[in-house]
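Structural overview for review
Here are the chains, one letter per residue:
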Amino acid sequence: MRLLVLYGSQTGTAQDVAEQIWRESHLLGYQGPVLAFEDYDMQQLIEEHLVVFVAATTGDGVEPDNMKQAWRFLLKRSLPAQSLQGMRFACLGLGDSSYPKFNYAAKKLSKRLQNLGAASVCPVGLCDDQHDYGHLGVSLPWTRDLWSALKTTSGLDEGKLNGSHPTITKWLVKKLPKDTPIATAESLLWNQKQPSTLFKLKANRRTTAEAHFQDVRFLQLESLGQDLSWEPGDVIDVQPQNSDEAVKTFFELSHEHKLGFDENTIVEVTSAHLDMPLPKAYSSPLSLHQAAKYIWDLSSKPRQRFLEVLGQNCSDEMEKEKLEEFCSGEGIDDLVAYVNRPRRTLLEVLEDFRHATSRLTIGQLFEMMPLIQPRSFSIASDASESSLDLLVAVVNYKTIMHTPRLGLCSNWLRNLVPGTELRGVIKKGTMTWPKDLSTPLIMIGPGTGIAPFRSTIQNRLKAQSLGATIGPLVVFFGCRNKTADFHFEEDFAAWTKVNRVEAHFAFSRDEDHKVYVQHLITKNGPHLKHLIKDLNAFIYVAGNSNNMPKSVREAFVEILEGDSDYVDLMIKQRRYQEETWA
């Protein structure tokens, strides 16, 4: 029987979950592919009888990029009300409950499918990043419940998932002669399907004081040979590369264990299934050095599939048993303690499981290695400016591991020298702006959350210089110290000197008691209430998703005399918008 698995994934986690469901379905006797929404012709959905959907939610309740076109198709009013009445489906969502619109994409998808006549096999699964076990806390039991539900209608044998079973692989990997032409380095700078733009880095400077704990970078990019435009709030996707140190560590392991391949080994990758599309990164023969530098995410946490493949050939009983335990529902506590809490990287796992690593094949490497995913950053300048600017906090923190944990993309950007060429794609952001430029804007952007609002302010002031009437621009910015991490201080000085922007600053460590942006909101309550109630101001919040968005929302409820219903109405009308990140 055919079972189709479709996924919408932004960071690769939903894809990983979907592929695990697909592998299990094949062990149970089902046939059918696992595909990103964008790789499937949605008009064929009417012909499907059994589909599993895995949908991540990004940002403020938004579906992933590779799901957007499919979602637009499903929302067409021309679709007959019972067009999917022959289809049974199950829907699993991946989200983060610290965001207001938790798992919005999966909930909307499930509801729409039922509106079109499809029948749900089991309740929607709602994975939560805030769970002690991450998404596994829900995805593992939900998948078991899915097979149990299908057992009653399809007669499948769940016992086939236990014990030894054939390995289900995605790719076929073949060694090629060393003189085989390979992909160019230029072609590997961007491995995604969307057309990209070539940029040159004009400037890369640290904006925080040298003694400050956080390194924040201000980068300026210029487009090479292409006129670009973007709106305030838009973002740019860039694709990072592994550090030379990480690549060196990987090949030192392969040399130490005499694995029969090295950085100069050339391979060709093809799909092991006719209906499984090949990633663009594997579309040409390539060297293992290219794979390790540009394609595999060597700094990522290993997922269960990585550990499963690592243990397949292992001859050491203790290591094999531990790896199998990590991949079971019973071993999830140990998995979280070993991988998630210390943020152990897959290179460190390969070093820990030396017997298992010594038995790896090239085919297993391509099967287990996660691909580098693009990272999104808010654009911090208006399209009328001479450069595309970014404000990037460099991720560098300590756990129980002896070396600091380094964010792949932010550290890659940190080390780029001016003149370096890189590729990126400009995308629509989640923020929408009032068409009437005289509408007041209230912007709350502590830390690097100020980035999209610099673009907005520049855009409005440019419109004003061309004769437009613009409304009040009110900004709340917060950081630790005025002398340590006051981003865009010179811009603020220029804007406020001529009264073009009303700015409020919270320097939390410069006062006797900590002052945050929410305190300044309540302090300016009557003024803000007038802008909101009398002048229909729009409110925008950007920055870290921990406690700040909730505290800011509560501050606005307070200045509106406890009228939380009004704030909820503003959110519904898109007059109150949040763009936050973990």
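The notes below deal with the structure included here.

Conventions adopted
- Residues numbered from 1 in each chain as written.
- Predicted model: local features only at pLDDT ≥ 70, side-chain atom pairs only at ≥ 80, totals over all residues.
- Heavy atoms only, no water.
- Phe/Tyr/Trp six-rings, centres within 6.5 Å; stacked < 30°, edge-to-face > 60°.
- Helix = DSSP H or I, 4+ residues; strand = E, 2+ residues; numbered from the N terminus.
- Buried < 20%, exposed > 50% of the residue type's maximum accessible area, 1.4 Å probe, protein only.
- Pairing = 2+ DSSP bridges.
- Salt bridge = Lys/Arg side-chain N within 4 Å of Asp/Glu carboxyl O.

Attention now moves to the packing of aromatic side chains. For any two aromatic rings, the description comes down to two numbers: the centre-to-centre distance and the angle of the planes. For the structure shown, the criterion picks out 23 aromatic pairs. Ring geometry for Phe250 versus Trp296: centroids 5.9 Å apart, planes at 75°, classification edge-to-face. Of this pair, Phe250 sits in helix H5 (residues 244-256) while Trp296 sits in the loop between helix H6 (288-295) and helix H7 (304-310); the two residues are 46 residues apart in sequence, bridging distant segments of the chain. Accessibility assignment for this pair places Phe250 and Trp296 in one class, buried. Between Phe326 and Phe353, the aromatic rings sit 6.4 Å apart at their centres with planes inclined by 75°, giving edge-to-face as the arrangement. Residue Phe326 is located in helix H8 (residues 317-326), and its partner Phe353 is located in the loop between helix H10 (346-352) and helix H11 (354-357); the two are separated by 27 residues in the primary sequence.

Taken together, three strands build an open sheet; the order of strands is S7-S11-S12 and the sheet is antiparallel. On the outer flanks of this sheet lie strand S7 (171-176) and strand S12 (286-287), each paired with one strand and no other.

Okay, the pattern of salt bridges next. In total, this model carries 31 salt bridges according to the counting rule given. The residue Glu63 makes a salt bridge to Lys68 at a minimum N-O spacing of 4.0 Å. Exposure remark for Lys68: the relative accessible area of 25% places this residue in the partly exposed category. Between Lys248 and Glu252 there is a salt bridge, with the nearest N and O atoms lying 2.8 Å from each other. With Lys248 and Glu252 both in helix H5 and four residues apart, the pair spans about one turn of that helix. Looking at Lys248, the relative accessible area reads 52%, which means it is exposed. Note on Glu252: relative accessible area 40%, which makes it partly exposed. Several salt bridges converge on common partners, so that one network encompasses Arg206, Glu210, Asp215, Arg217 and Arg414.

In short, shape yes, function no, at least from these values alone.
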